[in-house]
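Below, each chain spelled out in residue letters.
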Amino acid sequence: MISQEAEELMLSKLKMELGINAVNKMTQMFKDIVLSKEMHAEFVKNPNNTVEDIELTSVQILTNGNWPIDEQVNC
């Protein structure tokens, strides 16, 4: 897996080449991923969120409009 630092470096290079508006959504997506990992780590720390070492759920943050959705899934 690519390191977080490498991804940040690539985003900064893209910003310099294309401008901040061209990579604004990618930057927000990256922030969503980092926030999701942080919130998930906090979630897992709570013993009420696991049963016999099995996670009951996970947390993912997605900013509306930044993440492409290929198809809608009916629940």
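Enquirer: An account of the pattern of salt bridges is requested, with residue identities and associated values reported.
Expert: This model, assessed by the stated rule, comprises one salt bridge. Note that glutamate 42 and lysine 45 form a salt bridge whose closest N and O atoms lie 3.2 Å from each other. Here glutamate 42 pairs with lysine 45, and both are found in helix 2 (residues 24-45), just three residues apart, close to one helical turn. Neither residue differs from the other here; glutamate 42 and lysine 45 are each classed as exposed.

Enquirer: So what's going on with the packing of helix 1 (residues 4-18) against helix 2? Which residues, and what values?
Expert: Packing of helix 1 against helix 2 brings their axes to within 11 Å, and their N-to-C directions diverge by 165°. By the criterion of interaxial angle, the relationship of helix 1 to helix 2 is roughly antiparallel. The chirality of how helix 1 crosses helix 2 is left-handed. Residues Gln4, Glu7, Glu8, Leu11, Leu14 and Lys15 of helix 1 touch helix 2, and the partners they reach there are Met26, Thr27, Phe30 and Val34. Residues of the contact of helix 1 with helix 2, tallied by class, amount to five nonpolar, two polar and three charged.

Definitions and limits used
- Residues numbered from 1 in each chain as written.
- Predicted model: local features only at pLDDT ≥ 70, side-chain atom pairs only at ≥ 80, totals over all residues.
- Heavy atoms only, no water.
- Salt bridge = Lys/Arg side-chain N within 4 Å of Asp/Glu carboxyl O.
- Helix = DSSP H or I, 4+ residues; strand = E, 2+ residues; numbered from the N terminus.
- Buried < 20%, exposed > 50% of the residue type's maximum accessible area, 1.4 Å probe, protein only.
- Axes fitted to C-alpha atoms, helices over the stretch in contact; angles between N-to-C directions.
- Parallel < 35°, antiparallel > 145°, perpendicular 65-115°, else oblique.
- Left-handed = near helix turned anticlockwise from the far one by under 90°.
- Contact = heavy atoms within 4.5 Å.
- Nonpolar A, V, L, I, M, F, W, Y, C, P; charged D, E, K, R; others polar.

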